Amino acid sequence: MQVPIWDTLIRHANVARLHADLPGYGELMDAAVAIKDGKIVWLGVDADLPASVEAQDEIDMVGKWITPGLIDCHTHIVHGGRRSNEFEARLNGISYEEIARSGGGILSSVRATRAASESELLAQSLPRVKSLLAEGVTTLEIKSGYGLDLASEAKMLKVARQIAELLPVNVKTTFLGAHALPPEFAGRADDYIEHLCVEMLPALVQLGLVDAVDAFCERIGFSRAQTEKLFTAARQHGLPVKLHAEQLSDQDGSALVAQFQGLSADHLEYLSPSGITAMAANHTVAVLLPAAYYFLRETKLPPIAELRAANVPIALATDCNPGTAPITSLLLVLNMACTLFKMTPQEALRGVTCYGAQALGMQDVGSLNVGMHADLALWEIERPADLAYAMGFNPCLGVWKDGRWLAR
Ligand code: DI6
Ligand code: FE
C-alpha cells in the first residue's frame, strides 16, 4: 500500500480544536496534526498516528499549544489619520455624540481618508494589520466607511484586498457606505441611501470589492427603514448583511438584520429581548466589541447572560477604528471580554475562532479538523486560558498560514 506523503507533520503538541459542536476548547493533549496542500489531512492523539507515515517536514512541538489561527471579524483597520485630539476632548467633558454632531468623529476620519492616496492609505494601515498578525490572527474582516463617495470607498476596499496579497492573512471586505452621512448629502439621508443602492454598491460589486454589506443603524447614523432599503439592495446582489446595532441606543436593528438572515449583529449594548429572540431564530451571531465599550467608558453591558440562555453564538473582535477603538491587539480583547463582560476564557477563545468564522460566513477556518484550512497558531502557553489572562504579553511563536510556517 502506498504511504501518503504529508507536507508537514506536527507532533506532540496540545491542540485546542475549538469546534462549535465540541465542548470547551476541544482539547487534545499530546496530539499530531498533518498538513498537505494547505489543508489539515490528519488530526488526533499522537499515539494513534498510523504506523508508517511520511512527511517532508516533521516537527516536535512538545508542550506547546496549537489553536486555529485567530479571526478578527469586525475591523475598520483601513483608515486615514488618528483622533487623539477627540480622545483628549472627551476627557475634557465633551461626549462622542457631541463631537460627531459638530463635524468631528467619523467625518474627521472621512476627511483624512479621502485626502490619502491609495499607497498612503496602505502604508498607514499595514503596521496596524501587522500588529494583529503578530498575535496569531490569520483571518481579518475590513470595512469601508471612511470614504463615503465611490472613489474613496473603492480606494479603501482596494487597500483591503492589497493587504491580503501582501501579508499572510485572509481578508473579507465589507461595504459600510452607510457609516455616516457625507457632507455632500447633509440633510438628505434618504437620497444618500438611494445613491448607495443604485450607484455605489453596484459599482463596487462590479469591481469585485464587496464580500458583505454593513450599516450603522443609530440616532447619529441611519434609521431602521434606511437600513432595510440598503439590505434589500444587498440581497439583490446576493451579498450577506451584518449591522452595527444597538451600540448607543436600541433601534431594533438586530431584529432587522436577523430577518435578513444576517451574518451578525455587532456591538449590542442596548439589545432588547425581542432582538435576542430574532437573532437566535435566524442564527445571527452576536459580535461583541469590548474595546469600544472600554474606550467610550460605556456602562451599559451587552446582555451576555440572555444571549447565552438563547444559545446565540458570541464572537469577539477588535473594532479597530480611530474613534472608538484604536486597538490592534485581539489578545487584549480576550482579556477585556473576561474582565469587563465576565465571559469565560473558553467563551472568549471561541469568540475569536469558530464563532468569528461563523460571523464571516466562513466554513473552512476557525476550528481544527480534517479538511479544514491549515491556518494554525502556535503558542508558548501552559493552557488556553493564558491567552485571555495576560495583558500586553504576546506568547505567539508563529503561524502556519495555508500550511506554510511563518515564525513571529
Ligand atoms: N461604531 C463604532 O464604534 C465605529 N463605527 C461605528 O459605527 C466608530 C467609528 C468612528 O468613530 O470613527
Ligand atoms: Fe465598528
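Details of the structure are given in the entry above.
Here the residue index of a chain counts from 1 through its sequence in written order. Chains and ligands are labelled by the order in which they are written, letters from A for the one and numbers from 1 for the other. In keeping with the model being predicted, local features are shown solely for residues with a pLDDT of at least 70 and side-chain atom pairs are shown and tallied solely at 80 or more, while totals for entire chains, interfaces and linings include all residues. Heavy atoms from the whole structure form the basis of all side-chain values; hydrogens and water molecules are not counted.

Draft legend 1. Examining the site of ligand 1 more closely. Distances are taken per atom, and a residue is near a molecule or strand as soon as one of its heavy atoms is within 4 Å of it. Taken together, 14 residues lie around ligand 1, and Arg83, Tyr96, Tyr146, His179 and Thr324 are the ones closest in. Between Gln247 and ligand 1, the recorded distance is 2.9 Å, taken from a side-chain N or O atom to a nitrogen atom. Polar contacts here mean pairs of N or O atoms no more than 3.5 Å apart (in protein, one a potential hydrogen donor and the other a potential acceptor; neighbouring residues in sequence count only if both atoms are side-chain atoms). Here Asp319 contributes a side-chain N or O atom positioned 3.2 Å from an oxygen atom of ligand 1. Residue burial considers only the protein chains on display, and all accessible areas are found by Shrake-Rupley using a 1.4 Å probe. When ligand 1 is considered free in solution it has 320 Å² of accessible area, and contact with the protein chains removes 100% of it. As defined here, a cavity is a set of points on a 1 Å grid over the protein atoms alone where a 1.4 Å probe fits but cannot get out. A pocket is an open set with protein on both sides within 12 Å along at least five of seven lines, and residues line them when an atom is within 4 Å of a point. Pocket occupancy is defined atom-wise: a molecule lies in a cavity or pocket when more than half of its atoms are within 2 Å of its grid points. Mapping ligand 1 onto the cavity grids shows that it belongs to the largest cavity. Side-chain classes are defined by residue name, with Ala, Val, Leu, Ile, Met, Phe, Trp, Tyr, Cys and Pro counting as nonpolar, Asp, Glu, Lys and Arg as charged, and the others, Gly among them, as polar. Looking at side-chain class alone, the shell around ligand 1 contains four nonpolar, eight polar and two charged residues.

Draft legend 2. Here's a closer look at the coordination of the iron ion (ligand 2). Within the protein, His74 (NE2), His76 (NE2), His244 (NE2) and Asp319 (OD) serve as the donor atoms for the iron ion (ligand 2), at 2.1 to 2.2 Å. Counted as coordinating are nitrogen, oxygen and sulfur atoms within 2.8 Å of the metal, or 3.2 Å for Na, K and Ca, while water is not included, which may make sites look incomplete. Tetrahedral means four donors with every angle between 85 and 135 degrees, whereas square planar (four donors) and octahedral (six donors) require angles over 155 degrees between opposite donors and between 65 and 115 for all others; sites fitting neither are termed irregular. With four donor atoms in place around the iron ion (ligand 2) and angles of 81 to 168° between them, the coordination shape is irregular. On the primary sequence, the residues serving as donors to the iron ion (ligand 2) are separated as H-x1-H-x167-H-x74-D. Whether a residue is buried, partly exposed or exposed follows from its accessible area with a 1.4 Å probe, protein chains only, as a fraction of its type maximum: under 20%, in between, or over 50%, in that order. Its relative accessible area of 2% is what places His76 among the buried residues.

Draft legend 3. Empty space enclosed by the protein, seen in detail. Grid points are joined across faces, edges and corners, and a volume is the space filled by probe spheres set on the points. This structure, assessed with the given rule, holds three cavities of 30 Å³ or more. When its volume is computed, the largest cavity comes out at roughly 120 Å³. Taken together, 14 residues make up the lining of the largest cavity; nearest its centre are Tyr96, His179, Gln247, Asn321 and Thr324. Looking at the lining of the largest cavity, its residues break down into four nonpolar, eight polar and two charged.

Draft legend 4. Highlighting the environment of Pro240. Tracing the sequence through the fold places Pro240 in the loop between helix H7 (224-236) and strand S10 (242-245). Residue class for Pro240 comes out partly exposed when judged on its relative accessible area of 31%. It is 16 Å that separates the C-alpha atoms of Pro240 and Gln206, two residues lying 34 residues apart in sequence. Among residues more than four places away in sequence, those in contact with Pro240 are Asp211, Ala212, Val213 and Leu263. Secondary structure follows DSSP: runs of H or I at least 4 residues long count as helices, runs of E at least 2 residues long count as strands, and numbering of each begins at the N terminus. Throughout, a residue-residue contact means that at least one pair of heavy atoms, one from each residue, lies within 4.5 Å.

Draft legend 5. Expanded view of the pattern of salt bridges. By salt bridge we mean one thing: a side-chain nitrogen of Lys or Arg within 4 Å of a carboxyl oxygen of Asp or Glu. Tallying each qualifying case throughout the model produces 19 salt bridges. A salt bridge links Asp191 to Arg188, with the shortest nitrogen-to-oxygen separation between them at 3.3 Å. In this structure, Glu194 and Lys229 form a salt bridge, with 2.4 Å as the shortest nitrogen-oxygen distance. Taken together, the residues span a long stretch of sequence, with Glu194 in helix H6 (residues 189-206) and Lys229 in helix H7 at a distance of 35 residues. We classify Lys229 as partly exposed; its relative accessible area is 38%.

Draft legend 6. Focus on the nonpolar core. Note on terminology: a nonpolar core comprises buried Ala, Val, Leu, Ile, Met, Phe, Trp, Tyr and Cys residues joined through side-chain atoms within 4.5 Å. Ranked by size, the top nonpolar core spans 118 residues in total, and within it Ile163, Leu316, Leu334 and Trp379 carry the most contacts. Among the elements that take part in this core, helix H12 (residues 330-341) stands out by supplying eight residues, more than any other. What Ile163 contacts, discounting residues up to four positions off in sequence, is Val78, Leu122, Ser125, Leu126, Val129, Ile142, Val169 and Val171. Counting 17 residues, the second-largest nonpolar core is a separate cluster that includes Ile10, Leu28, Val33 and Leu378.

Draft legend 7. Spatial organisation of the pairing of strand S3 (residues 39-45). Bridge analysis of strand S2 (residues 27-36) against S3 gives six bridges, and the strand direction is antiparallel. By the bridge assignment for S3, Val33 is matched with Leu43. One bridge is not enough; two strands pair if DSSP finds at least two bridges between them. Connecting S2 to the next strand, S3, in antiparallel fashion are two residues, including Asp37 with a positive phi near 50°.

Draft legend 8. Molecular detail of the packing of helix H5 (residues 150-166) against H6. Interaxial angles span 0 to 180 degrees and are taken between N-to-C directions of axes, which are lines fitted to C-alpha atoms, for helices over the stretch in contact. At a closest axis distance of 10 Å, the pairing of H5 and H6 adopts a crossing angle of 35°. Relative to H6, H5 is oriented so that their crossing is right-handed. On H6, the residues that touch Leu150, Glu153, Ala154 and Leu157 of H5 are Met200, Ala203 and Leu204. The class makeup of the residues in the contact of H5 with H6 is six nonpolar, no polar and one charged. Crossing handedness follows the turn of the near helix against the far one: under a right angle anticlockwise gives a left-handed crossing, and clockwise gives a right-handed one.

Draft legend 9. Layout of the packing of aromatic side chains. Between 30 and 60 degrees the pair is tilted, below 30 it is stacked and above 60 it is edge-to-face, where a pair is any two Phe, Tyr or Trp rings, Trp via its six-membered ring, whose centres lie within 6.5 Å. For the coordinates displayed, the defined rule picks out six aromatic pairs. By way of ring pairs, the aromatic residues Phe185, Tyr192 and Phe222 are connected into one cluster. Directly above the aromatic system of Tyr270 lies the positively charged group of Lys300, at a separation of 5.6 Å from the ring centroid. In this analysis the charged atom, NZ for Lys or CZ for Arg, is taken to sit over a ring once it is within 6 Å of the ring centre and within 35 degrees of the ring normal.

Draft legend 10. Structural context of the pairing of S2. Here six bridges tie strand S1 (residues 5-16) to S2, and the two strands are oriented antiparallel to one another. Each bridged residue has a counterpart across the sheet, and for Thr8 the counterpart in S2 is Ile35.

Draft legend 11. Highlighting the sheet that holds strand S11 (residues 264-267). Read across the sheet, eight strands follow the order S6-S7-S8-S9-S10-S11-S12-S13 without closing on themselves; strand pairing throughout is parallel. Whereas interior strands pair on both sides, the edge strands pair on one side only; in this sheet they are strand S6 (70-72) and strand S13 (314-316). Adjacent strand axes in the sheet meet at a mean angle of 25° when their direction is disregarded. For S11 and strand S12 (residues 285-288), the ladder comprises three bridges, and the chain directions are parallel. Looking at S12, one finds that Ser264 is bridged to Val285. Contacting strand S7 (137-143) and strand S8 (170-178), H5 runs over the sheet at an angle of about 170° to S8.

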